[in-house]
Amino acid sequence: MPGHDTIMFDLGTGSRYLGIERGVEPFHADCFVSHLHWDHIQGLPFFPPLLRPGNRLDVYAPRPDGHGSVADVVDTILCPPLFPVGVTDLPGEVTFHDLGNQEVQLGDVTVSSRYIPHIGRTLGYRVEWNGLSVAYLSDHQQPGVDVYDMCPGVEALCRDVDLLIHDAQYTRDEFIARSDWGHCTIDYAIWTGKAAGAKQVALFHHDPTHDDRMLDQVASVCGRHCTPNVVVAREGLTIQLGA
Ligand SMILES: [Zn+2]
Ligand SMILES: [Zn+2]
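A few points on the structure. (Residues numbered from 1 in each chain as written. Chains lettered and ligands numbered in written order. Predicted model: local features only at pLDDT ≥ 70, side-chain atom pairs only at ≥ 80, totals over all residues. Heavy atoms only, no water.)

At 2.1 to 2.3 Å from the zinc ion (ligand 2) lie its protein donor atoms, namely Asp39 (OD), His40 (NE2), Asp139 (OD) and His205 (NE2). Around the zinc ion (ligand 2) sit 4 donor atoms; with metal-centred angles ranging over 88 to 168°, the donor geometry is irregular. Donor residues for the zinc ion (ligand 2) sit on one chain with the sequence pattern D-H-x98-D-x65-H. Taken as a pair, the zinc ion (ligand 2) and the zinc ion (ligand 1) lie 3.6 Å from each other. Overall, the relative accessible area of 36% leaves aspartate 39 in the partly exposed class. (Donors = N, O, S within 2.8 Å, 3.2 Å for Na, K, Ca; no water. Tetrahedral: all angles 85-135°; square planar, octahedral: opposite > 155°, others 65-115°. Buried < 20%, exposed > 50% of the residue type's maximum accessible area, 1.4 Å probe, protein only.)

Written out as structure tokens, the structure is:
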């Protein structure tokens, strides 16, 4: 978005590559974290921009249930002996914001957050700017095997988006064995996009056992979809929206 600071989703290992790419230029980003499971926050202490004074990171995440604030939870995992320093010891400045079902206005960018089904409090997000929209639902519990339904919050986030980035952790057989692990099938991700009128779906949050060969097969099958257009997300992928 020209003229805007960076908007990030989650702080997984991929955030390190973003930080390295930005080099030594002054950095500020608003980062919307879906939930506080390890795979979504473990990149925070290794985020290169935070090693330089003057850089800032605003982190938005779901208000924890009975565990204090987001900042309190992060303090419990970024401290000795688990890690040599705490967040406040980093040269860059991190500010935490607790979120629920709400809207956050960043200039002329609107970010909507809604609770979505997973394990523990989890938010999905929708970003709208200049007539374009992106929804991000990284971890989304499918209601059951071969059950295709979505809650009102998911519907609100995904309705008519230009791009839906969605959990696609399991094949149907894998989901049968792990149907209460907080995730969904590839088919469910595509169904959600189609039912909500999304123009494009990026399959995301691949199971760690899904290697490149397997994901290439998924891409070749899903690539036949016209509505919505389906792509398999990978590290470094760029999707341009608008003119
Ligand atoms: Zn999770
Ligand atoms: Zn996850």
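Turning to the sheet that holds strand β2 (residues 28-32), a few remarks are in order. The strand order across the open sheet formed by 4 strands is β1-β2-β3-β4, and the pairing between neighbours is parallel. The two strands at the open ends of the sheet, each matched to only one other strand, are β1 (6-9) and β4 (93-99). Across the sheet, the axes of successive neighbouring strands diverge by a mean angle of 20°, strand direction being ignored. Where β2 and strand β3 (residues 56-62) come together, 5 bridges link them in parallel fashion. Within the sheet, the bridge partner assigned to histidine 28 lies in β3 and is arginine 56. Sheet contacts for helix α3 (residues 70-77): β3 and β4; angle to β4, the most-contacted strand, approximately 125°. (Pairing = 2+ DSSP bridges. Helix = DSSP H or I, 4+ residues; strand = E, 2+ residues; numbered from the N terminus. Axes fitted to C-alpha atoms, helices over the stretch in contact; angles between N-to-C directions. Contact = heavy atoms within 4.5 Å.)

On to the packing of aromatic side chains. Counted by the stated rule, this structure contains 11 aromatic pairs. When the ring of phenylalanine 32 is compared with that of tyrosine 125, the centres are 5.3 Å apart and the planes differ by 65°; the resulting orientation is edge-to-face. On the criterion of sequence distance, the pair formed by phenylalanine 32 in strand β2 and tyrosine 125 in strand β7 (residues 123-129) is long-range, its members being 93 residues apart. In terms of burial, phenylalanine 32 and tyrosine 125 fall into one category: buried. Here the aromatic residues Phe9, Phe32, Tyr60, Tyr125, Tyr136 and Phe204 are joined through ring pairs into a cluster of three or more. (Phe/Tyr/Trp six-rings, centres within 6.5 Å; stacked < 30°, edge-to-face > 60°.)

Let us now look at the pattern of salt bridges. Side chains bearing opposite charge may pair, as long as their charged atoms lie close to each other. All told, the structure shown has 7 salt bridges when counted by the stated rule. One salt bridge connects arginine 172 with aspartate 146, and the closest N-O pair in it is separated by 2.6 Å. One end of the pair, arginine 172, is in helix α5 (residues 172-177); the other, aspartate 146, is in the loop between β8 (132-137) and α4 (152-158), with 26 residues separating them in the sequence. For the salt bridge of aspartate 162 with lysine 199, the shortest nitrogen-to-oxygen distance reads 3.5 Å. Of this pair, aspartate 162 sits in the loop between α4 and β9 (163-167) while lysine 199 sits in the loop between α6 (186-196) and β10 (200-204), and the two are 37 residues apart along the sequence. Under the relative-accessibility criterion, aspartate 162 is labelled buried at 15%. Several salt bridges share partner residues, and in doing so they unite Glu155, Arg159 and Asp160 into one network. (Salt bridge = Lys/Arg side-chain N within 4 Å of Asp/Glu carboxyl O.)

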